[in-house]
Amino acid sequence: MRVNGVKSISPEEIYDCIGIGFGPSNIALAIALQEQNSLARVRFLEGRSETDWQPDMLLPGSDIQHNPLRDFVTPRNPRSPFGFLSYLHDQGRLLDFLRLEAPFPPRREYASYVKWVAAKFSHAVDYNASVTGIDLIDGPLRKPVYIIRCGSGKIYMANTISFGVGRSQNIPVQYQPYISARVIHSDNYLSTVKNWARDRSIGRIAVVGASQSAVEIILDLHSRLPEVAIACVSRGFGFKLKDVSPFTEKIYSPEFIDYFYSASEHSQSEMTRELWRSNYGAADHDVIASLDFLLYEQKVAGTNRVLLFDNQITESVEPLKGSGFELKLHDRHSEEPRVLQVDTIILATGYRNFGSSPDQERYHPLLRSLAPRFQYRSDGGLAISRDFRVLNEERYGELPPLFVNGLCESTHGFGDAGSFSLLATRSELIASSIGEHLCHNQFAITPEARLPRLAAGE
Ligand SMILES: Cc1cc2nc3c(=O)[nH]c(=O)nc-3n(C[C@H](O)[C@H](O)[C@H](O)COP(=O)(O)OP(=O)(O)OC[C@H]3O[C@@H](n4cnc5c(N)ncnc54)[C@H](O)[C@@H]3O)c2cc1C
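Residues numbered from 1 in each chain as written. Predicted model: local features only at pLDDT ≥ 70, side-chain atom pairs only at ≥ 80, totals over all residues.

1. Topic: the domain arrangement of the protein
Which entries qualify depends on this criterion: Delimitation of the domains relies on an automatic or database domain assignment. Charged means Asp, Glu, Lys or Arg here, nonpolar means Ala, Val, Leu, Ile, Met, Phe, Trp, Tyr, Cys or Pro, and polar covers whatever is left, Gly included.
Domain boundaries in the protein define domain 1 (11-168 + 352-449) and domain 2 (176-242 + 279-347). Of note, the centres of domain 1 and domain 2, computed from C-alpha atoms alone, are 33 Å apart. Per-class residue counts for the side of domain 1 that touches domain 2 are four nonpolar, four polar and one charged.

Here is the structure:
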């Protein structure tokens, strides 16, 4: 039998689970599955040639934004060999870290921790495996199974998926046609700015947004490209402080997820509005203070390399003859128009959650062919169960479990997309649900037929 170009399938060819993406969310799942002794028939597909964490934002002096012990596993299992303290001990840096006079470790160090853990699971990962399509086909026992296609042409089949590819970049619509080597998202900052440093034609850069990344990039550009003028364009009153009240921080707890998840959509959007600055459209005190100091020094010196354009709406973006761009802006409150000409643009405009507002998406583009089977909420975003499984429209037939790992902020609240804080508990829940589903449906290969379990690092 051939279905969709695939020969007849035997159960042995079907993975219990395919994890798409091997960033923090699915690394945490690999640890949870290993703890439950069920990693053997799971494979992770990662588009990069190796796991990396925010490689284009590993700026000198930048630190992480969460307690480092809220890592992949410690809140669930402090004895795990994959916790941040085990990493520090392994690197011979534990005592140095303990006397570090800084609230948070460097971002570079945490990226190296992420790689250290990922390397211990390399036996379970295919790198350079960029997934380009996901579909359903009839498997053995007439049950639908997922077919996952990679850019290389390689095909995988699975009874369940953990979809952990990270959120899509939020590119405001006016800028979308111009995304290029000269109009970039902050995700591509370091690798691009290194080229800009060699390009004498770049004298004016616009940084759009008021996020933590926007402030970090402005500071970095200021010291990295001393000849360049920087226009900071934001919709609000400049740069705001993150809400780091210990009471607000309670939102990064499983109890808050229960509370948020069971609230009405109306209440959820109220909570999201109220708590937005705990993670978005705001920056930490240290970088805000550094930027303010820089602007004051500039005033003392009578220079104006860094210029703030607050309360600005971008009406349009037009390419200039030759090179560069003209931004037509207007003030949100006075409506006064303004025209800004720049050579390059950096969009520190964040990422998209599920929903139907202009800075959201109904579902991730990779899920397009499955999208008609999904259930949607009245806000237009995906309907997802408490254990992170996409809910389906029964009239379109069965949808094997599709866990959305690290994209569920709209349904599960803060901490469920842009944060490490809840990885340890979320991954445990997903791992248990995968196990339960496979047992219940007797999909899993019997234990005797399983591949021998590899110890971490083998
Ligand atoms: C600059 C920056 C700093 C941050 N700092 C912090 C912090 O200090 N603390 C904190 O809690 N959170 C921080 N965050 C939030 C951070 O995004 C999350 O903590 C974490 O990276 C989310 O992990 P993830 O695995 O869900 O997504 P990602 O980290 O985005 O990983 C997704 C993985 O999937 C892979 N992938 C994507 N598409 C495909 C495909 N089609 N096929 C195969 N593989 C694919 C990617 O290559 C990537 O490896 C920061 C975010 C940014 C942008």
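2. Section: unusual backbone geometry
Cut-off, in case you're wondering: Here a helix means four or more residues in a row that DSSP labels H or I, a strand means two or more in a row labelled E, and each is numbered from the N terminus. Here exposure depends only on C-beta density: within 10 Å of a residue's C-beta, 20 or more other C-beta atoms make it buried, 12 or fewer make it exposed, and intermediate numbers make it partly exposed, the C-beta atoms being placed from the backbone.
At Asn 128, a residue that is not glycine, the phi angle is positive and equals roughly 50°. Structurally, the position occupied by Asn 128 is in the loop between strand 3 (125-126) and strand 4 (131-138). Residue classification places Asn 128 among the partly exposed residues on the basis of 14 C-beta atoms within 10 Å. Notably, Asn 311 is not glycine yet its phi reads approximately 55°, a positive angle. For Asn 311, a count of 18 C-beta atoms within 10 Å puts it in the partly exposed group.

3. A word on the packing of helix 1 (residues 24-35) against helix 11 (residues 423-441)
Helix-helix packing: each pair is described by the crossing angle between the helix axes and the interaxial distance. Operational definition: Note on geometry: axes are C-alpha line fits, over the in-contact stretch for helices, and angles between N-to-C directions span 0 to 180 degrees. Geometric relationships in this document are graded by angle, where less than 35 degrees denotes roughly parallel, more than 145 denotes roughly antiparallel, 65 to 115 denotes roughly perpendicular, and other angles denote oblique. Crossing chirality is assigned from the near helix's rotation relative to the far helix, an anticlockwise turn below a right angle marking it left-handed and a clockwise turn marking it right-handed. Residues are defined as contacting one another if the C-beta atoms placed from their backbone atoms lie within 7 Å.
Close contact between helix 1 and helix 11 brings their axes to 8 Å; oriented N to C, the two are set at 60°. Regarding the angle of helix 1 to helix 11, the classification is oblique. Of the two possible hands of crossing, helix 1 and helix 11 adopt the one that is right-handed. Residues Pro 24, Ser 25, Ala 28, Leu 29, Ile 31, Ala 32 and Leu 33 of helix 1 form the contact with helix 11, whose participating residues are Leu 423, Ala 424, Ser 427, Glu 428, Ile 430 and Ala 431.

4. Side note on the environment of Ser 419
When you line up the elements, Ser 419 lands in the loop between helix 10 (409-412) and helix 11. Once the C-alpha coordinates of Ser 419 and Cys 17 are considered, the two residues, 402 residues apart in sequence, prove to be 24 Å apart. In contact with Ser 419, not counting residues within four places along its chain, are His 66, Tyr 252 and Asn 279.

5. A look at the nonpolar core
Selection criterion: Structurally, a nonpolar core is described as a collection of buried Ala, Val, Leu, Ile, Met, Phe, Trp, Tyr and Cys residues joined by way of C-beta atoms within 7 Å.
Membership of the largest hydrophobic core comes to 72 residues, with the highest contact counts inside it found for Ile 18, Ile 27, Ile 148, Ala 158 and Ile 161. The greatest single-element share of this core, amounting to seven residues, is contributed by helix 1. The residues touching Ala 158, leaving out its near neighbours within four places in the chain, are Ile 14, Tyr 15, Cys 17, Ile 18, Val 145, Tyr 146 and Ile 148. With 38 residues, the next largest nonpolar core counts Met 57, Tyr 175, Ala 210 and Leu 291 among its residues.

6. Here we look at helix 7 (residues 254-262)
Spelled out, the test is: Summarising the geometry, the arc corresponds to the directions from the helix axis toward the C-beta atoms.
Among all positions in helix 7, only Phe 256, Ile 257 and Phe 260 are buried. Axial view of helix 7: buried residues confined to an arc of 100°, hence all on one face. When the buried face of helix 7 is taken as reference, the exposed residues oriented beyond 90 degrees from it are Glu 255 and Ser 262. For helix 7, the elements touching its buried residues are helix 8 (265-275) and helix 10.

7. Some details on the sheet that holds strand 11 (residues 312-319)
Let me state the cut-off plainly: Strand pairing is defined by DSSP finding a minimum of two bridges between the two strands.
Within the open sheet, the three strands sit side by side as 11-12-13. Their pairing is antiparallel. Both edges of this open sheet fall to strand 11 and strand 13 (337-342), since each of them pairs with a single strand only. Within the sheet, the average angular offset between the axes of one strand and its neighbour, ignoring direction, is 25°. In the sheet, strand 11 pairs with strand 12 (residues 325-331) via seven bridges, with the strands oriented antiparallel. Bridging across to strand 12, Glu 318 finds its partner in Glu 326.

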